[in-house]
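Residues per chain, in single letters:
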Amino acid sequence: MASFNPTKKAWLINLGPSTYRLVGLAILVAALAWRVNDVLSHEAYTAQYWILQLINGLILGGLYALVAMGYTMVYGILLMINFAHGEVMMIGGFAGYFALTGFEALGWTTGNPLQSGLSVVVAVLAGMLASLIIGIALERIAYRPVRNAPRLVPLISAVGASFFLQYTVLLIFGVTPHYYEKPAIINSGLSVGDSGIFISYTGLFIFFSSILLMIMLYLIVQRSKMGRAMRSVAESKEVSALMGVNVDKVIVFTFALGSVLAGAAGVMLGLHNTVMKFNSGFFPGIKAFTAAVIGGIGNLPGALLGAFSLGTLEALGPSALGLPTEYKDVIAFSVLILVLVFRPTGILGEVLSEGKA
Amino acid sequence: MHTALSGLRPALIAFAIILYLNLVGFPLKFGSVAIWVFGAVLFLISFIVSRRAAASPPALILTKSLIIGLIPSLGLALLTYVFAGMQASQITIQDVFAQILPPHTAALTGLTSEQVIAGESVVPGLYNLVLILTSAAVLGGGLSLLPYEKLKSLQGEKTQGFRSTLPLLIPLLLFAAYLSLGLSSVQLFGSQENKFGLLLLYVFFGSSLYALRVIPQGRLKTAFLIVAVLATIAAPLLNDQFQNSVLGFVTIFIIMGIGLNIVVGFAGLLDLGYVAFFAVGAYSYGLLSSPTSWILVNVPGFEGITFWAGLPIAIVLGLMAGILLGVPVLRLRGDYLAIVTLGFGEIIRLILLNLREFTDGPSGVRGIPPPDLFGVNLGNPRDLLFLAMVVAAIVTFIALRLRDSRIGRSWVAMREDETVAQAMGINLISTKLLAFAFGAMFASLSGVLYAARQVNVYPDNFALDVSINVLALIIIGGIGSIEGVVIGAIALIGLPEILRSVNEYRVVAFGALLVAMMALRPEGLLPSLRRKRELHAGEQENIARRRKVPSS
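Just so it is clear, the model here is predicted, and its values are computed rather than measured.

**Observations concerning the packing of helix H12 (residues 241-266) of chain B against helix H22 (residues 464-477) of chain B**
All names here are of chain B.
Item 1. Closest axis-to-axis distance for the H12/H22 pair is 9 Å, and the angle between their directions is 75°. Comparing their axes, H22 and H12 come out roughly perpendicular. Touching Phe 253, Met 256, Gly 257, Leu 260, Asn 261, Val 264 and Gly 265 of H12 are Val 470, Leu 471, Leu 473 and Ile 474, all from H22.
Item 2. For the contact of H12 with H22, a count of residues per class yields eight nonpolar, three polar and no charged.

Structural data, given as structure tokens:
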């Protein structure tokens with residue numbers, strides 16, 4: 001195997017790591033800029049179109065952020081990808097659907113603003129509660145028994161749990177998609193002057209409530225006693241245990257927190273897309289994980305940043321590159337690969353990909 | 001601890017399980033058999049719980065198992081009563097719970113659906129249900145009181161001599177059973193195909209691999225090996241079309257599994273986008289040979305390639321794809337690698353789906369020609385199976401030789417510790433790239449076989465679940481072990497084909513199996529010896545650590 005001499009073939013990749021990567025990045029940025037410039041000078045997209053796309057991107061980003069929080073917290077503490085997190089979100093979406101259907105039967109969704117507003121809030125709370133229960137059960141049944149096993153084992157367990165939850169929902173609630181009926185209070189939208197820019201109230205609701213929830217999460221993690229315990233367990237389980245932290249309790253709390261946010265996101269996703277299916281959680285889940293990685297996994301502000309960047313890129317990217325919108329997923333995953341190649345820590349992350357991981 | 005109330009927790013767990021089985025529609029699918037399934041669940045739970053508390057007095061154990069029986073069965077009866085009442089007053093429950101239809105209630109109460117809708121009293125049926133379920137639980141508790149330890153020691157003495165030849169005899173008996181039963185059509189799950197014969201073959205393959213592992217080296221083993229190989233070669237000639245077609249599918253996954261085993265098992269690089277290379281193989285052969293593909297339509301004079309030309313082309317393209325993916329992700333480890341490869345797999349599928357002019361998008365590549373050998377068309381399940389078996393044998397040989405070679409040992413070293421491996425003079429870059437390249441090559445090869453078998457391929461055939469399936473099969477089988485791949489492919493790809501008639505429950509069972517397997521036997525069914533040792537060492541260490549550091 002003389003040909004695998006390290007000194008001979010290393011030029012393939014390893015020529016002065018930073019300079020060559022920088023050159024590659026520069027070429028890539030130049031090519032993309034050229035392409036965008038080309039598209040912009042030929043295609044007739046109005047400013048209004050771009051603003052609308054940007055708004056869509058921000059709404060999507062808010063949703064991704066809520067789900068990404070759960071991934072990033074669990075990864076920060078257990079160093080595992082909670083593959084079933086998207087399903088936890090989907091179950092929250094289903095609970096919200098049933099809550100809203102109940103209010104519809106009472107006539108509240110179309111009733112006065114107080115009634116329909118209340119139905120939205122209760123639907124979100126129902127989603128949170130359902131996700132909370134599923135999230136805690138998931139930790140207890142699928143993850144705790146394999147917590148100390150090699151890395152692959154919890155991952156496979158998570159994949160199994162994901163399949164199990166998806167197809168359980170399929171079996172119990174049926175294959176047919178469940179269509180959300182938007183309550184009256186968020187059914188219309190806001191027109192900005194006569195510029196033709198229209199923001200749906202659903203979008204506003206999603207954006208602001210996700211921001212609100214994330215501020216609450218930030219306060220819990222940074223200010224509360226449990227939050228301090230969480231951060232300490234993320235540093236080292238053993239040392240935290242010696243300091244009198246109940247590690248099991250902290251892990252359950254982390255799952256609960258992430259699941260509650262995912263449940264809220266599930267209901268919001270239902271309101272946004274107006275449809276819930278047994279596999280509605282899978283792709284948003286993977287995207288949210290992507291967002292968490294882009295921002296730097298294990299880092300809460302990073303997940304927020306990553307989610308909003310991913311949402312915006314997905315909304316603006318295809319048009320800016322002159323591609324059909326079906327390519328938005330390709331763009332999302334390409335961004336992920338590029339970020340990991342050029343900045344493996346994510347935008348704000350600590351050095352994990354080569355050290356701890 | 002040992003009070004009757006400690007039966008409450010298992011009772012609630014049992015109720016949760018029965019409620020779950022009820023909501024996913026067991027009674028609707030299996031009719032009144034579902035009651036016996038529920039009974040079996042209660043029996044098992046009560047038996048296991050009572051065995052754990054075997055030291056406590058019999059009266060207590062029986063009380064506990066009574067609780068374990070009563071709570072779930074009363075809960076189920078109450079629920080069914082409510083549902084029956086709703087159904088009698090024409091309230092549709094299936095808008096929420098899709099499986100709760102009148103026949104469902106009828107199966108649990110021993111009535112007909114018409115009687116349920118007409119509002120006939122379900123109470124006598126429910127009394128019956130509670131009686132059956134509770135007595136199953138009490139029976140479980142009662143049977144746990146038998147002195148099993150004595151029984152076991154008695155058995156051990158008698159069968160000592162018999163035991164050593166048992167692993168040998170089982171596969172041979174199974175094959176004999178397959179020969180005698182397989183040709184007549186014994187029906188399983190009411191289908192036309194001879195699924196029972198196929199099942200016997202699966203168990204034969206599984207037990208032979210197990211026998212080969214436990215029999216000591218020697219003349220007996222060689223003889224057994226020859227018989228087993230001959231039987232394997234003979235099987236496709238005796239099978240019917242359906243059996244061969246399923247086995248062909250299993251063999252294609254075995255080839256993929258062996259490839260992924262190199263990447264994940266030997267080199268320790270977690271690849272979740274393995275399906276990308278499978279797609280590269282299938283599409284490269286498909287696009288170069290299908291009469292409707294863009295290349296054949298637009299390149300004048302190009303008539304398309306044969307299967308035999310497709311193989312080397314696919315190998316080269318797979319190799320290139322493997323290196324193409326390998327180069328950017330070389331620096332990543334663990335989960336980062338997993339997520340990037342997952343993204344890569346999805347990108348390939350999305351490109352195949354959206355590059356409409358070139359790949360025909362969702363309508364796929366159609367009419368891919370089957371292989372032929374000297375003018376003989378090999379496009380039938382039996383010949384394709386033979387072809388796949390030959391490829392699988394070659395791939396297995398390559399993988400075994402690689403494992404024991406210098407490269408193989410550097411893979412293992414790298415998996416254990418990259419820094420130390422590098423210090424020992426292993427070039428991480430080329431070693432990793434080689435692992436990716438070999439894995440990609442094998443997947444691409446199986447992609448060609450798949451395309452030739454399927455005739456039409458669509459982008460959705462290359463979705464994420466293929467990667468997950470392959471990964472799951474090598475993990476269930478036992479990571480790093482080649483026999484494990486075979487067992488895993490039979491268990492995860494082959495068995496579900498037999499269970500097609502209970503299709504809805506396949507994926508749920510698959511998910512539950514993965515979770516349970518990871519908790520109970522993470523090393524897989526037939527693990528590589530090194531892996532098994534590692535996992536058990538880890539457990540010891542963890543137990544020790546847990547003892548040292550109390551968690552509160």
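Next comes the rest of the description.
**Overview of the confidence of the model for chain B**
All names here are of chain B.
Item 1. Mean pLDDT over chain B works out to 79, with 86% of the residues at or above the 70 mark.
Item 2. Per-element mean pLDDT across chain B ranges from 56 in helix H25 (residues 529-548) up to 89 in helix H21 (residues 428-454).
Item 3. For residues 186-190, every residue scores under 50 in pLDDT, and the model assigns this stretch nine contacts once sequence neighbours within four places are set aside.
Item 4. Contacts from residues 546-552, a stretch scored under 50 in pLDDT, to residues over four places away or in other chains number eight contacts.
Item 5. This prediction of the complex comes with two scores: 0.81 for pTM and 0.80 for ipTM.

**A look at the nonpolar core**
Item 1. Ala68(A) and Phe278(B) are the most contacted members of the largest nonpolar core, which totals 268 residues.
Item 2. Setting aside its immediate chain neighbours within four residues, Phe278(B) contacts Met256(B), Ala443(B), Ser446(B), Gly447(B), Tyr450(B), Phe462(B) and Val466(B).

**Let's talk about the packing of helix H3 (residues 33-52) of chain B against helix H7 (residues 123-143) of chain B**
All names here are of chain B.
Item 1. Where H3 contacts H7, the two axes come as close as 7 Å, and the packing angle between them is 30°. Viewed along their axes, H3 and H7 adopt a mutual orientation that is roughly parallel. When you trace H3 past H7, the crossing you get is right-handed. Listed contacts from H7 to Ile 35, Phe 38, Gly 39, Leu 42, Phe 43, Leu 44, Ser 46, Phe 47 and Ser 50 of H3 are Leu 129, Ile 132, Leu 133, Ala 136, Ala 137, Leu 139, Gly 140, Gly 141 and Leu 143.
Item 2. The residue inventory of the contact of H3 with H7, partitioned by class, reads 13 nonpolar, five polar and no charged.

**With respect to the environment of Leu296(B)**
Residues and elements named next belong to chain B.
Item 1. Within the secondary structure, Leu 296 sits in helix H14 (residues 294-298).
Item 2. Owing to 16 C-beta atoms within 10 Å, Leu 296 belongs among the partly exposed residues under this scheme.
Item 3. It is 28 Å that separates the C-alpha atoms of Leu 296 and Phe 344, two residues lying 48 residues apart in sequence.
Item 4. Other than its neighbours up to four places away in sequence, Leu 296 contacts Ser 290, Pro 291, Phe 302 and Gly 304.

**Comments concerning the interface of chain A and chain B**
Item 1. In this assembly, 54 residues from chain A lie in contact with 51 residues from chain B.
Item 2. Among the secondary structure elements, those contributing two or more residues to the side of chain A that touches chain B are helix H1 (6-9), helix H6 (152-173), helix H9 (237-242), helix H10 (247-273), helix H11 (282-295), helix H13 (328-342) and helix H14 (352-356) of chain A.
Item 3. If you tally residues by element for the side of chain A that touches chain B, the top one is H6(A), at 14 residues.

**Observations regarding the confidence of the model for chain A**
Residues and elements named next belong to chain A.
Item 1. Put simply, chain A has an average pLDDT of 81, and 90% of its residues get 70 or more.
Item 2. When pLDDT is averaged over each helix and strand of chain A, the minimum, 40, is found for H14 and the maximum, 90, for H10.
Item 3. Throughout residues 1-16 the model reports pLDDT below 50, and contacts reaching past four residues in sequence, or to other chains, amount to twelve contacts.
Item 4. With pLDDT under 50 throughout, residues 351-357 is counted as low confidence; its partners more than four residues away or in other chains account for 19 contacts.

Cut-offs used in this document
- Residues numbered from 1 in each chain as written.
- Chains lettered and ligands numbered in written order.
- Predicted model: local features only at pLDDT ≥ 70, side-chain atom pairs only at ≥ 80, totals over all residues.
- Axes fitted to C-alpha atoms, helices over the stretch in contact; angles between N-to-C directions.
- Helix = DSSP H or I, 4+ residues; strand = E, 2+ residues; numbered from the N terminus.
- Parallel < 35°, antiparallel > 145°, perpendicular 65-115°, else oblique.
- Contact = placed C-beta atoms within 7 Å.
- Nonpolar A, V, L, I, M, F, W, Y, C, P; charged D, E, K, R; others polar.
- pLDDT = per-residue confidence, 0-100.
- Core = buried A, V, L, I, M, F, W, Y, C linked by C-beta atoms within 7 Å.
- Buried ≥ 20, exposed ≤ 12 C-beta atoms within 10 Å, placed from the backbone.
- Left-handed = near helix turned anticlockwise from the far one by under 90°.

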